[in-house]
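The primary structure of each chain is shown beneath.
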Amino acid sequence: MFNLEKFLNKIIKYGLYAILLIPLFFWPRALYAFMTPKFLLFQILVEIVFGAWLMLKFLKPNFRSPTSVARAKEVGLRKLKLGFRNWLAIALVLFFTVSFISAFFGVDFSRSFWGIGARMTGLFTELHFLAWFLILTSISKSDFDIKRYLNFSFAVSILVALSIFFQN
């Protein structure tokens, strides 16, 4: 079981870093070469990482930060203060819920859910961003260094900005 947990942690860690490399991806034969392949790759990677995250949650339910349910029972619910991430998570879930309700009562639910093919702006993509956020906020600090992740994100953004000079 320990090897499976280690393997799932590696999938999560390397998958999160691979998600940051997506803006460098380009597929010239795609219908919309600059948008659609990036979003499809993003969605696939988020689904893989989210699946590994869910499996790890079921195998090791207390792998979250100290604000987990077990910690809340130890400390007592009234002594546990909600941090910024918890309020932000509640706000994002509330935003997704309101978006879903407005899409349901809108003109075309299918169009609202899937979005436009060229832009990939639908509830399905929002759900993937929400899953990515939940993974990033719930992984333990001992397994994942968020400062290194943000530095890597900054380096990738500099590469994307400099890529304009290497185009024909």
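Structure report, in brief. Being a predicted model, the structure only gives us computed values, none of them experimental.

### Some words on a positive patch on the surface
And step 1. On the surface, a cluster of positive charge is made up of Lys6, Lys10, Lys13 and Arg148.
And step 2. Element by element, the count of residues in the positive patch is highest for helix 1 (residues 2-20), at 3 residues.
And step 3. Classification of Lys10 as partly exposed rests on a relative accessible area of 45%.

### Let's talk about helix 6 (residues 123-138)
And step 1. The end-to-end C-alpha distance of helix 6 is 22 Å, a good match for the 22 Å that 16 residues give at a rise of 1.5 Å each.
And step 2. When helix 6 is considered as a whole, its buried residues turn out to be Leu123, Thr125, His128, Leu130, Ala131, Trp132, Phe133, Ile135, Thr137 and Ser138.

### Considerations on the nonpolar core
And step 1. The biggest cluster of nonpolar side chains holds 20 residues, and the ones touching the most others in it are Ile12, Leu16, Ile19, Trp132, Ile135, Ile139 and Tyr149.
And step 2. Looking at this core, the elements with two or more residues in it are helix 1, helix 2 (36-59) and helix 6.
And step 3. Ranked by residue count, the leading element in this core is helix 2, at 7 residues.
And step 4. With sequence-adjacent residues up to four places away left out, Tyr149 is seen in contact with Leu16, Tyr17, Leu20, Trp132, Leu136 and Phe144.

How each quantity is defined
- Residues numbered from 1 in each chain as written.
- Predicted model: local features only at pLDDT ≥ 70, side-chain atom pairs only at ≥ 80, totals over all residues.
- Heavy atoms only, no water.
- Patch = residues over 30% accessible without salt bridge, like charges linked within 9 Å, V, L, I, M, F, W, Y side chains within 5 Å.
- Areas by Shrake-Rupley, 256 points an atom, 1.4 Å probe, with all protein chains shown as cover.
- Salt bridge = Lys/Arg side-chain N within 4 Å of Asp/Glu carboxyl O.
- Lys, Arg positive; Asp, Glu negative; His and termini not counted.
- Charge placed at Lys NZ, Arg CZ, Asp CG, Glu CD.
- Helix = DSSP H or I, 4+ residues; strand = E, 2+ residues; numbered from the N terminus.
- Buried < 20%, exposed > 50% of the residue type's maximum accessible area, 1.4 Å probe, protein only.
- Expected span 1.5 Å × (residues − 1).
- Core = buried A, V, L, I, M, F, W, Y, C linked by side-chain atoms within 4.5 Å.
- Contact = heavy atoms within 4.5 Å.

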